[in-house]
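# Working through the structure, step by step
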Amino acid sequence: QVQLVESGGGLVQPGGSLRLSCAASGFTFSSYYMSWVRQAPGKGLEWVSDMAGDGGRTNYVDFVKGRFTISRDNAKSTLYLQMNSLKPEDTALYYCAKDIGTSWPTYEYDYWGQGTQVTVSS
């Protein structure tokens, strides 16, 4: 069965960095777009970034451009999100999600991880 397991969250001071990981299993990881989606306290889901299966194309929401970098290691079936220059407004539960799309992102997800909490506070 498909499993997505995130890790790497934690408490960090403003300006700090974290690297999130998402270990995937149960499907051909390299075939699918994968996304990071977050949910801040009391708010809805917010798409952050995605990456094509072959790692050739990436997309970011404007407010993380230049600060966050998505990457993947298909040999390890793992998705990453390197987050630098973190701000208090980045505080959220971060999910990785499997897009149903292969050639382009559809922003429709059939599997989600359990999430990893990121808290940015001094």
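The preceding data block contains the structure.
Residues numbered from 1 in each chain as written. Predicted model: local features only at pLDDT ≥ 70, side-chain atom pairs only at ≥ 80, totals over all residues. Heavy atoms only, no water.

Next up on the list: the overall build of the chain. From N to C terminus, the chain includes 0 helices and 11 strands. When its helices and strands are written in sequence order, the chain yields β-β-β-β-β-β-β-β-β-β-β. The C-alpha radius of gyration computed for the chain amounts to 13 Å, which stays within 12% of the reference 14 Å derived for 122 residues, consistent with globular compactness. A principal-axis box enclosing the C-alpha atoms of the chain has dimensions of 40 × 25 × 25 Å. By residue count, 45% of the 122 residues in the chain fall in the buried class. The long-range fraction of contacts in the chain, counting pairs at least 24 apart against all pairs at least 6 apart in sequence, stands at 55%. Accessible area for the chain stands at about 6,000 Å²; split by element, carbon and sulfur atoms hold 48% of it. In the chain, 10 side chains carry a positive charge and 11 a negative one; their mean positions are 5 Å apart. (Helix = DSSP H or I, 4+ residues; strand = E, 2+ residues; numbered from the N terminus. Rg over C-alpha atoms; globule rule 2.2 N^0.38 Å. Buried < 20%, exposed > 50% of the residue type's maximum accessible area, 1.4 Å probe, protein only. Contact = heavy atoms within 4.5 Å. Areas by Shrake-Rupley, 256 points an atom, 1.4 Å probe, with all protein chains shown as cover. Lys, Arg positive; Asp, Glu negative; His and termini not counted. Charge placed at Lys NZ, Arg CZ, Asp CG, Glu CD.)

Strands sit in the order S1-S3-S8-S7 across an open sheet of 4 strands; the sheet is antiparallel. With one partner strand each, in any of the chains shown, strand S1 (3–7) and strand S7 (68–73) form the two edges of the open sheet. Within this sheet the neighbouring strands show an average axis-to-axis angle of 15°, counted without direction. In terms of strand pairing, strand S3 (residues 18–25) meets strand S8 (residues 78–83) through 6 bridges, oriented antiparallel. Residue pairing in the sheet places Ala23 in a bridge with Thr78 of S8. (Pairing = 2+ DSSP bridges. Axes fitted to C-alpha atoms, helices over the stretch in contact; angles between N-to-C directions.)

Along any regular strand, the residues point their side chains to alternate faces of the sheet. S8 sits mainly inside the fold: 5 of its 6 residues count as buried. Note: S7 against S8, 6 bridges, orientation antiparallel. Along S8, the bridge assignment pairs Asp73 with Thr78. Following S7, the chain reverses through 4 residues before pairing antiparallel with S8; Ser77 in that reversal takes a positive phi of roughly 50°.

Moving on to the pattern of salt bridges. Taken as a whole and judged by the stated rule, the model has 5 salt bridges. As a salt-bridge pair, Arg38 and Glu46 come within 2.8 Å of each other at their nearest N and O atoms. Note that Asp90 is salt-bridged to Arg67, the shortest N-O span being 2.7 Å. Of this pair, Asp90 sits in the loop between S8 and strand S9 (92–99) while Arg67 sits in the loop between strand S6 (58–60) and S7; the two residues are 23 residues apart in sequence, bridging distant segments of the chain. (Salt bridge = Lys/Arg side-chain N within 4 Å of Asp/Glu carboxyl O.)

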